[in-house]
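Now for the letters of each chain:
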Amino acid sequence: MILPRPMIQDYYADLDELFGEIKAETKKGKIDELLSEADEIVGQIKIEIASITNPNEKKEALSKTSSYEKKIQAYKRKALLGPQDDSADGGQKLSSVDKSKQGLAKLNGAREMLAETEEVGTKVLSDLAIQKEVIKRSTKTVHTMAFLQITKLFR
């Protein structure tokens, strides 16, 4: 086994530390922030890997980095959808009614977000229409002024 460069090892240690924080964290916003930081570290690792000339070392580093990326994606999925583990956890399974309620709450949240987005889109389109009219009037004024200047020259 070839050990990756010290800088890359430090990044891996940082990622392991972040994963520990993510497991302990309960606030979605903080989890998202930690996952974003993990993505940035993976990006830095990829930059470091690009400078590795030994093919075996590079392959091993890419493989390990890929496993970290998969772990990040799993945490993102869990943060987005909630835990997907349906195995018995000490008899604390959610009933189908509870699961339906959770699904309905997520759906309602998505609907609210859609409505807000639609409202913003409508306002932007309205503003653009107003700006279009202003530009048309300005263009007409410029053409009129240019025409007047040209006719003045020929008098």
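Residues numbered from 1 in each chain as written. Predicted model: local features only at pLDDT ≥ 70, side-chain atom pairs only at ≥ 80, totals over all residues. Heavy atoms only, no water.

**Section: the overall build of the chain**
- A tally of regular secondary structure across the chain gives four helices and zero strands.
- Ordered by position from N to C terminus, the α and β elements of the chain give α-α-α-α.
- Expressed as a percentage of its 155 residues, the buried residues of the chain come to 16%.
- Counting contacts in the chain only where the partners sit at least 6 residues apart, residues at least 24 apart contribute 65% of the total.
- Accessible surface for the chain amounts to roughly 12200 Å². Of this, 59% is attributable to carbon and sulfur atoms. (Helix = DSSP H or I, 4+ residues; strand = E, 2+ residues; numbered from the N terminus. Buried < 20%, exposed > 50% of the residue type's maximum accessible area, 1.4 Å probe, protein only. Contact = heavy atoms within 4.5 Å. Areas by Shrake-Rupley, 256 points an atom, 1.4 Å probe, with all protein chains shown as cover.)

**Points about the nonpolar core**
- Counting 21 residues, the largest nonpolar core has Y12, L15, F19, I22 and I45 as the members making the most contacts within it.
- Elements represented by at least two residues in this core include exactly α1 (6-24), α2 (28-50) and α3 (55-81). (Core = buried A, V, L, I, M, F, W, Y, C linked by side-chain atoms within 4.5 Å.)

**As for α3**
- Across its 27 residues, α3 extends 38 Å between first and last C-alpha, which sits within 8% of the 39 Å expected from 1.5 Å per residue.
- On its buried face, α3 sits against α1 and α2.
- The backbone nitrogen of N56 has a side-chain oxygen 2.9 Å away, supplied by the residue at the start of α3, namely N54. (Expected span 1.5 Å × (residues − 1). Polar contact = N/O pair within 3.5 Å; in protein donor to acceptor, adjacent residues only side chain to side chain.)

**Considering the packing of α1 against α2**
- At a closest axis distance of 10 Å, the pairing of α1 and α2 adopts a crossing angle of 165°. In terms of their interaxial angle, α1 and α2 are classed as roughly antiparallel. Read as a crossing pair, α1 and α2 show a hand that is left-handed. Facing α1, whose interface residues are M7, I8, Y11, Y12, D14, L15, L18, E21 and I22, α2 presents I31, L34, L35, E37, A38, I41, V42, Q44, I45, E48 and I49.
- Each residue belonging to the contact of α1 with α2 can be placed in one class, and the counts come to 15 nonpolar, one polar and four charged. (Axes fitted to C-alpha atoms, helices over the stretch in contact; angles between N-to-C directions. Parallel < 35°, antiparallel > 145°, perpendicular 65-115°, else oblique. Left-handed = near helix turned anticlockwise from the far one by under 90°. Nonpolar A, V, L, I, M, F, W, Y, C, P; charged D, E, K, R; others polar.)

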